[in-house]
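Single-letter residue listing:
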Amino acid sequence: MLAACGKREAAPGAPAGAQVVRIGHVAPLSGPQSHYGKDNENGVRMAIDELDAQNLTIGGKPVHFEIEAEDDAGDPRQGAAAAQKLCDLKVAGVVGHLNSGTTIPASKIYNDCGIPHITPSATNPDITKPGFKTTFRLIANDNDLGAAVAVYAAKKLGLKTVAVVDDRTAFGQGLAEVFRKTAEANGMQVVDSQFTTDKATDFTAILTSIRAKNPDAIFFGGMDPQAGPMLRQMEQLGLQKVRFLGGDGICTTEIAKLSGNAPTLGNVVCATGGASLDKMPGGKAWKEKYDKLFPGQFQIYSPYAYDATYVLVDAMKRANSTDPKVYVPFLASTDFQGVTARIQFLPNGELKNPAVSLFTFKDGVKTPIE
């Protein structure tokens, strides 16, 4: 029998008399972005296993945590359906979604059913604009990421002209717009604007048009399944000296493989929210544990998904309840030392003092820019 707030009778292996508390996770587990989704899911699973090993008692009862994983395939409609399913199942909280385009519609659904969600990766500023008390973000948003790349390109690299391409998703368009405004404010000229989709793989026509404008750089608002082939095609079209700029969506280890390790990979400058693993408070030790459990699967966001799970449970512990109606207000007063950072939230659910890191690729390896 299902009970309220994601609790049910103890599962096999759970402590006697334990209440089962389910944590939802939603991300693309199929399709071209599944490597991101699986990485995030791994982070949640890792946290849940550790929390279970602590034999926690909340509300006077031992608790056993389980993951309720849903695949949204990066599609907003599927994401909304997954959110409604988790509401109907009465999970205690949700880590997700991965993409801004799925998180924005899902956030209203979670708000309406009173379940908190923490996105470890979606960066569009619009996510927190409605002011839902159930919505939290554990990473810098596009206002920080797009601006950081633009300032670095203008001030450090001395670039004068740029072409802007976006994938027409909430993430890609939002990031590209922030980059454009900041780049122009710092003296760069946008010489061409193009758009594609988050399903495309052939960018020959777009790149040929851009080549005629002879820009110093191309900024791409999108994800690595498109950025990888784009880098390969830039090499084929003679754009070997053009810088390739972007946000966290292209700042993955997978892009090296997706680009076929094209020489243009070395021209990438990308930004991620948060510190590099080496500079995270617990990054190195955490990554060693992750690699033992999930060898070769790390991408970018799993430390944030891991911390998001702990933040949900920390609020439950402080509230002495796994009921969202009781513990959601405690999320707003979070002060938690995570792997990624000291985690505190602004009143709108944004992370206080979010860090931004810039990266490039050297010999195919993602490398921090000091």
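The notes below deal with the structure included here. (Residues numbered from 1 in each chain as written. Predicted model: local features only at pLDDT ≥ 70, side-chain atom pairs only at ≥ 80, totals over all residues. Heavy atoms only, no water.)

### Section: the pattern of salt bridges
- For the coordinates displayed, the defined rule picks out 16 salt bridges.
- Taking the shortest distance from any N to any O, the salt bridge between R22 and E68 comes out at 3.7 Å. Linking R22 in strand β1 (residues 19–27) with E68 in strand β3 (residues 61–71), this pair joins segments that are 46 residues apart in sequence.
- Residue class for R22 comes out buried when judged on its relative accessible area of 2%.
- Judged by its relative accessible area of 19%, E68 is buried. (Salt bridge = Lys/Arg side-chain N within 4 Å of Asp/Glu carboxyl O. Helix = DSSP H or I, 4+ residues; strand = E, 2+ residues; numbered from the N terminus. Buried < 20%, exposed > 50% of the residue type's maximum accessible area, 1.4 Å probe, protein only.)

### Re the packing of aromatic side chains
- Across all of its chains, the model carries 11 aromatic pairs by this definition.
- A ring pair is formed by W286 and F298, whose centres lie 6.2 Å apart and whose planes are at 70 degrees; its orientation type is edge-to-face. A residue pair is termed long-range when its members are at least 10 positions apart, and W286 in helix α9 (residues 283–293) and F298 in the loop between α9 and α10 (302–319) qualify at 12 residues.
- Owing to a relative accessible area of 14%, F298 belongs among the buried residues under this scheme.
- On the basis of an interplanar angle of 20 degrees and a centroid distance of 6.1 Å, the ring pair of Y310 and F336 is categorised as stacked. Of the two residues, Y310 is situated in helix α10 and F336 in strand β12 (residues 336–337); the sequence distance between them amounts to 26 residues. One exposure class covers both Y310 and F336, and it is buried.
- The structure contains a cluster of three or more aromatic residues connected by ring pairs, namely W286, Y290, F294, F298, Y306, Y310 and F336.
- In this structure, R168 is placed above the aromatic ring of F195, and the distance from its NZ or CZ to the ring centre is 4.1 Å.
- Note that K366 overlies the ring of F359, its terminal NZ or CZ placed 4.5 Å from the centroid. (Phe/Tyr/Trp six-rings, centres within 6.5 Å; stacked < 30°, edge-to-face > 60°. Lys NZ or Arg CZ within 6 Å of the ring centre and 35° of its normal.)

### Quick notes on the state of the cysteines
- Considering all chains together, one arrives at two disulfides under this definition.
- Across a sulfur-sulfur distance of 2.0 Å, C87 and C113 are joined as a disulfide pair. Handedness of the C87-C113 disulfide follows from its S-S torsion of about -50 degrees: it is left-handed. Residue C87 is located in helix α2 (residues 76–89), and its partner C113 is located in helix α3 (residues 100–113); the two are separated by 26 residues in the primary sequence.
- The buried category is assigned to C87, whose relative accessible area is 8%.
- A relative accessible area of 34% means that C113 is categorised as partly exposed.
- C251 shares a disulfide with C270; S-S distance 2.1 Å. Since a negative S-S torsion denotes a left-handed disulfide, the C251-C270 link at about 65 degrees is right-handed. Residue C251 is located in the loop between β10 (243–246) and α8 (254–258), and its partner C270 is located in strand β11 (residues 268–273); the two are separated by 19 residues in the primary sequence. (Disulfide = S-S within 2.5 Å.)

### A short note on helix α11 (residues 324–332)
- Every buried residue belonging to α11 is among P324, Y327, V328 and L331, and all of these are buried. For α11, the buried positions fall inside an angular range of 120 degrees around the axis, keeping them on one side. Opposite the packed face of α11, turned more than 90 degrees from it, sit the exposed residues K325 and P329.
- As for α11, its buried residues are in contact with β4 (93–96), β5 (117–119), β6 (135–137) and α10.
- One side-chain oxygen at the N-terminal end of α11 lies 2.9 Å from the backbone nitrogen of K325; it belongs to D323. (Arc of directions from axis to C-beta. Contact = heavy atoms within 4.5 Å. Polar contact = N/O pair within 3.5 Å; in protein donor to acceptor, adjacent residues only side chain to side chain.)

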